[in-house]
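Each chain, letter by letter, is given below.
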Amino acid sequence: MSGARAAARLAGLALPLAAALAGCGAPERAQAPDGPADRPAILLVTLDTTRADAIGPEAEGVDTPAFDALAARGRRFARAYTTAPETLPAHASILTGLLPPEHGVHENARRLPAGPALLAERLAELGYATAAFVSGFPLDRQFGLARGFAVYDDEMGPGGTERRADATTDRALAWLAAAPDRPLFLWVHYYDPHEPYDPPEPYAARHAASPYLGEVAFMDAQLGRLVAAFEERAAADGGSGGGVRIALAGDHGEGLGEHGEAFHGNLLYQGVMRVPLVLAGDGVEPGVAEAPVSVRRLHDTLLAWAGGDGPRTLLRGGAETVVGEAMRPYLQYGWQPQAMAVRGRLKAIRSGADAGEAGGGRGVELYDVVADPGETEDLSGRIDLPDPLRRALDAYPLPAPAAPLAADEPLDDEARRKLASLGYAAAAAPAARPVLRPDAPSPREMTHLFDDLDRGSGLFVRGEYVAAIPVFERVLAADPGNPAALLRLAVAHSTLGHDARAESYFARLAEIDPDSPDLRHYRAMHLLRAGRPGEAAPLFESVLAETPARLPALDGLARVRESQGRLADAADLLARAAVLDDDPATLVRLGALRMALGDTPAALAAFERARARQGPAFRHHLELGVLYLAARRLDAARDALDRVDPSHPAYPMALFKRAQVAVLLGEPDREMRIEAARDGADAVTRPLIESERLFRKRPTEKSSG
Ligand SMILES: [Zn+2]
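Rules used throughout
Residues numbered from 1 in each chain as written. Predicted model: local features only at pLDDT ≥ 70, side-chain atom pairs only at ≥ 80, totals over all residues. Heavy atoms only, no water. Buried < 20%, exposed > 50% of the residue type's maximum accessible area, 1.4 Å probe, protein only. Helix = DSSP H or I, 4+ residues; strand = E, 2+ residues; numbered from the N terminus. Pairing = 2+ DSSP bridges. Axes fitted to C-alpha atoms, helices over the stretch in contact; angles between N-to-C directions. Left-handed = near helix turned anticlockwise from the far one by under 90°. Contact = heavy atoms within 4.5 Å. Nonpolar A, V, L, I, M, F, W, Y, C, P; charged D, E, K, R; others polar. Donors = N, O, S within 2.8 Å, 3.2 Å for Na, K, Ca; no water. Phe/Tyr/Trp six-rings, centres within 6.5 Å; stacked < 30°, edge-to-face > 60°. Lys NZ or Arg CZ within 6 Å of the ring centre and 35° of its normal. Expected span 1.5 Å × (residues − 1). Core = buried A, V, L, I, M, F, W, Y, C linked by side-chain atoms within 4.5 Å.

Caption draft 1: Up close: the pairing of strand 14 (residues 346-351). With respect to burial, strand 14 is a largely interior element, six of its six residues being buried. Here strand 14 shows no split at all, with Leu346, Ala348 and Arg350 on one side and Lys347, Ile349 and Ser351 on the other all buried. When strand 13 (residues 338-343) meets strand 14, the two strands line up antiparallel, connected through six bridges. Bridge pairing links Ala339 to Arg350 in strand 14. Hairpin connection, strand 13 to strand 14: the antiparallel pair is bridged by two residues, and Gly344 has positive phi, about 60°. As paired strands, strand 14 and strand 15 (residues 364-368) are joined by five bridges and run antiparallel to one another. Opposite Arg350, over in strand 15, you have Val364 as the bridge partner.

Caption draft 2: Inspection of the packing of helix 25 (residues 621-630) against helix 27 (residues 651-665) at higher detail. In the contact formed by helix 25 and helix 27, the axes pass within 10 Å of each other and the chain directions differ by 30°. Crossing angle aside, the handedness with which helix 25 passes helix 27 is left-handed. Here Leu622, Val626 and Leu629 of helix 25 come into contact with helix 27, specifically with Met653, Ala654, Lys657, Gln660, Val661 and Leu664. Its residues placed into classes, the contact of helix 25 with helix 27 shows seven nonpolar, one polar and one charged.

Caption draft 3: Expanded view of the coordination of the zinc ion. Taken together, Asp48 (OD), Asp48 (OD), Thr87 (OG1), Asp251 (OD) and His252 (NE2) make up the full set of protein donors to the zinc ion, lying 2.0 to 2.7 Å away. Mapped onto the sequence, the donors of the zinc ion take the spacing D-x38-T-x163-D-H. With relative accessibility at 0%, the residue Asp251 sits in the buried group. Accessibility expressed as a relative area gives 0% for His252, which makes it buried.

Caption draft 4: View of the packing of aromatic side chains. Evaluation of the coordinates by the stated rule reveals 13 aromatic pairs. When the ring of Phe656 is compared with that of Phe695, the centres are 5.9 Å apart and the planes differ by 85°; the resulting orientation is edge-to-face. Remark: Phe695 occurs in the loop between helix 29 (685-691) and helix 30 (699-704) and Phe656 occurs in helix 27; sequence separation between them is 39 residues. You'll find Phe656 and Phe695 in the same group, each marked buried. Aromatic rings pair up to connect Phe149, Tyr152, Phe185 and Trp187 into one cluster. Residue placement shows Arg488 over the ring face of Phe460; its charged tip is 5.6 Å from the ring centre.

Caption draft 5: Local environment of helix 15 (residues 450-461). A rise of 1.5 Å per residue sets the reference length of helix 15, with its twelve residues, at 16 Å; its end C-alpha atoms lie 16 Å apart and thus fit the reference within 8%. Within the span of helix 15, buried status applies to Phe450, Asp452, Leu453, Gly456, Ser457, Leu459 and Phe460. Against the buried residues of helix 15 lie helix 12 (328-333), helix 16 (465-478) and helix 17 (483-495). In the segment just after helix 15, Gly463 is the residue with positive phi, at about 80°.

Caption draft 6: Representation of the nonpolar core within the structure. Grouped together as the largest cluster of nonpolar side chains are 54 residues, with contacts concentrated most on Ala536, Phe540, Leu554, Leu557, Val560, Leu624 and Phe695. Apart from residues no more than four positions distant in its own chain, Val560 is found in contact with Leu528, Pro533, Ala536, Ala537 and Phe540. Among the nonpolar cores identified, the runner-up in size contains 42 residues, and Leu43, Val45, Ala172 and Tyr203 belong to it.

What follows is the structure, encoded as structure tokens:
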């Protein structure tokens, strides 16, 4: 370990000089030499749901030695902020350097548009070997962050939505051991502190009073393994003559009950918006930075490390007015949209598009987060909102009730101009935006509903519809125009077969937000379920016209086409879905459709992709055997049929096909294979065996064998 560190330091011999140059004002990219061989190995670790005060020197009640060690030898940013309190938009900012209105992702389960360049794409262009290992479904490849990564490992197991840090670290270490001999860019994402909090032992016992901190402690231990292995590999690697650089960052924190928020995503207070952030490695001057910074500057920082053009790095680029947003309450519940701005010790939170009189009225809260980190004392009535904060809030594009944006309408010129005035590039197309209710409440007035909304959503996601219904009925009683509650009640009743009640909730939602793509999508799912595919089809088609990459709509329309006997159309839709996310279940359905259509090469390709994704869990060797036999690829047919498990319900068919292959290959045991097929025959294979000409004894064949 210490030998490896020493070697790493030797490898980075030139860096103290470069650091000195950086200190006297040279552009940081001058640090990175020209040849790829001299570029540093770069490790980015993102820590999901990790509060700034739950890890490292600030943490109480938990030991995090791996993070502490990096913070001690690196630069810790004590007041770093995320751009949005949700996993996907926050990571999209880290990997593009853009704010949510610019990269277009405001909440989970949306897809990053094709426009913004991702860090991994840029580093790949600079000669880096790139790999990502993510641990939570919000970062599944279908959501668009995989671009530029040669390896993007989001395998959570069948039906899984998260992967523990030890499993993710194992996979990352296996990649490191066999990584190409080029400068490395490795991104590892840990998801453990996200609820549910269930750390493994001994962390569970050690943190019985706070299993959240137990998850952080477990994650930290895995972080230690990862960093040690990365530095060892980079030191041993001729391709990393530029040393090692490491960045650690939280994507957002966790409310833990503060301001009425248990989890994250609804509000903009410090517990969820302030995150841990450390840069370490060769050439990084140790210390603690107190000025507020945004995690989105990681993009430029890592790009500059790699020798690219990153003007606003965290190590240079000066002070900023940090901005962020929380849009889920608006997008899901129809409440006011929220933005925040932080500069120096002051932080302003704006709720709603109308900031009130002179930008400092009732719509804005103001806190001194240094003197009052708990944000208990709103100063907005007592001191004027400073100009930089007012300008940043005014420029942040929040939807207004008077001007609802259509679902697929790009950001308007005014919003673009506002962003440009803040120094941001032209914005990408935003995600779908619902109508802002004229009576929309501020999210902080609605904290009494957070528990029910979170609990109801949990029940809903787990398919516990009977239990979810009374929870959302309670929400609706308190907030009659809540679109998320109406939508989930409609879907729950539809799934339970209560068609009339489902229709009435869909109708109520249509009154509030007639153009909602979610309404059209879920109503189409309902109609499909209710046996009315003809009515579902145009709704799915209109959703796909707006958002061609919406996987569940592709899947739904494919089911409609299957039920209408339009198998080629169904297969084309599933092929589009498989390009976005090579989900094994989709690939298997695609393979079966191509097989039914007689397209053997396409069917083989789909089943083989599913097999590559699933490994030992793959269950369709019989289909592969039949297809290879049809393609007269007899060795491959034999191998596939030999993999069919005897417990397979169609095992008699496997025996029959295997006997055919044995005869065609002239295998010595072919007669035994035919006998086995006869002995194991069922009603389907018995007549096939009797009429199979290959199985009739031919004396010439026998004598030649
Ligand atoms: Zn997250």
